[in-house]
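Take a look at the letters that make up each chain.
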Amino acid sequence: MKKAFLLFCLLFSLPVFAQEFALKNNLAYDALRTPNLSLEFSLGKKWTLDTQTGMNFFFNEKDATADGYKTKKWSHWLVQPEVRYWTCETFNGWFLGMHALGGLMNVGGVDIPFIIQNKDGEMKNHRYEGYYVGGGISAGYHWILSNRISLEATLGVGYARIGYDKFRCTNCGEKIGDGGADYVGPTKAAISIIYMIK
C-alpha cells in the first residue's frame, strides 16, 4: 500500500504553479455595453492562454416613429484567444501576446476608424452584416492587488478581414450589395479586473 501511495505521489507531482487559473472581466468592453468574460490558464512557468469572449446583442428599435428609435447599431460577438509569454512569471508583471480574433457583426450608422474599404468609404450611412477574422500582437502588465484579486492592462494591434452584406440604411432590411474590407489598427484593448482561482 505504501508503494502504491508513493507511486501515485510521484506520478502526480508534476510542476505545480502558484497561480493556475484566472477569471477576468474587461472593464473597457463593459463601458462599450459589451458583456464579456475570459478564462486564462497557465501553460507553464512563463506561458498562459487567455480566452476572451464578448457579445453585444442590444438591438435598437426598428420603428422610426418609436420613442426608442436610434440610427446607430453595434451588435456583435467576439472570440479572441491569446497565447502570452510572461517576462517574470505567469500572472505577474509584463507579458507579450499573440492573438487571433473572429466573430459576427451587425453594424449600422457607425464609421469605424482604420477600415480600408474597397468601395465607397461611407460606413455611417449604411448597415453592414457579416463576419470578421484576423489576429495581432499585444503587450500588457498585470498588477497583483491581493491573494485573489488582480488588475491588468493590455493593448494590441493587428489585422482583420471583414466580409459583409450591405444594406441601404442603418436600420432597414433592403440589401444593396456585398463586399469585403480590410482593417488595420487596434485589435485589443483591455483593463481587466481578475479573480485568481488556485
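### Some remarks on the overall build of the chain
- Scanning the chain from terminus to terminus reveals two helices and nine strands.
- Listing the helices and strands of the chain from first to last along the sequence gives α-β-α-β-β-β-β-β-β-β-β.
- Taken over 198 residues, the chain has a buried fraction of 39%.
- Partitioning the intrachain contacts of the chain with sequence separation of at least 6 by distance along the chain shows that 63% fall at a separation of at least 24.
- Summed over its atoms, the accessible surface of the chain is roughly 11500 Å², and 68% of this surface lies on carbon and sulfur atoms.

### Some thoughts on the side chain of Asn36
- With respect to the helices and strands, the residue Asn36 is situated in strand β2 (residues 36-42).
- Here Asn26 takes part through its backbone nitrogen, which lies 2.7 Å from a polar atom of the side chain of Asn36.
- Apart from the residues within four sequence positions on either side, Asn36 is in contact with Asn25, Asn26, Tyr29, Asp30, Gln52, Thr53 and Gly54.

### A closer look at the pattern of salt bridges
- Applying the stated rule across the entire model yields 13 salt bridges.
- For Glu152, the salt bridge goes to Lys24, with nearest N and O atoms at 2.9 Å. Residue Glu152 is found in strand β8 (residues 149-167), and its partner Lys24 is found in strand β1 (residues 21-26); the two are separated by 128 residues along the sequence. The exposure classification of Glu152 matches that of Lys24, with both residues buried.
- Several salt bridges share partner residues, and in doing so they unite Lys24, Glu40, Asp50, Glu82, Arg84, Glu152 and Lys188 into one network.

### With respect to the environment of Tyr128
- As for its placement among the helices and strands, Tyr128 is situated in strand β7 (residues 127-144).
- With relative accessibility at 2%, the residue Tyr128 sits in the buried group.
- Measuring from C-alpha to C-alpha, the distance between Tyr128 and Asp165 comes to 5.7 Å, with 37 residues separating the pair along the chain.

### Looking at the environment of Leu39
- Tracing the backbone shows Leu39 in strand β2.
- We classify Leu39 as partly exposed; its relative accessible area is 34%.
- Separated by 17 residues in sequence, Leu39 and Ala22 place their C-alpha atoms 5.7 Å apart.
- When residues no more than four places from it in sequence are discounted, the contact partners of Leu39 are Phe21, Ala22, Leu49, Asp50 and Thr51.

### What to know about the nonpolar core
- With 16 residues, the main nonpolar core has Met105, Ile112, Ile115, Tyr132, Ile162, Tyr164 and Tyr183 as its most contacted residues.
- Contributions of two or more residues to this core are made by β5 (93-108), β7, β8 and β9 (175-197).
- Formed by six residues, the second largest nonpolar core is a distinct cluster that contains Ala22, Trp86, Phe95 and Ile194.

### Considering the packing of aromatic side chains
- As enumerated under the stated definition, the model contains seven aromatic pairs in all.
- Taking the centre distance of 5.9 Å and the plane angle of 45° together, the rings of Trp86 and Phe91 count as tilted.
- With a relative accessible area of 0%, Trp86 lands in the buried category.
- Of the residues examined, Phe91 reaches a relative accessible area of 2% and is grouped as buried.
- The side chain of Arg127 reaches across the aromatic face of Phe167, ending 4.0 Å from its centre.

The rules behind the values
Residues numbered from 1 in each chain as written. Predicted model: local features only at pLDDT ≥ 70, side-chain atom pairs only at ≥ 80, totals over all residues. Heavy atoms only, no water. Helix = DSSP H or I, 4+ residues; strand = E, 2+ residues; numbered from the N terminus. Buried < 20%, exposed > 50% of the residue type's maximum accessible area, 1.4 Å probe, protein only. Contact = heavy atoms within 4.5 Å. Areas by Shrake-Rupley, 256 points an atom, 1.4 Å probe, with all protein chains shown as cover. Polar contact = N/O pair within 3.5 Å; in protein donor to acceptor, adjacent residues only side chain to side chain. Salt bridge = Lys/Arg side-chain N within 4 Å of Asp/Glu carboxyl O. Core = buried A, V, L, I, M, F, W, Y, C linked by side-chain atoms within 4.5 Å. Phe/Tyr/Trp six-rings, centres within 6.5 Å; stacked < 30°, edge-to-face > 60°. Lys NZ or Arg CZ within 6 Å of the ring centre and 35° of its normal.

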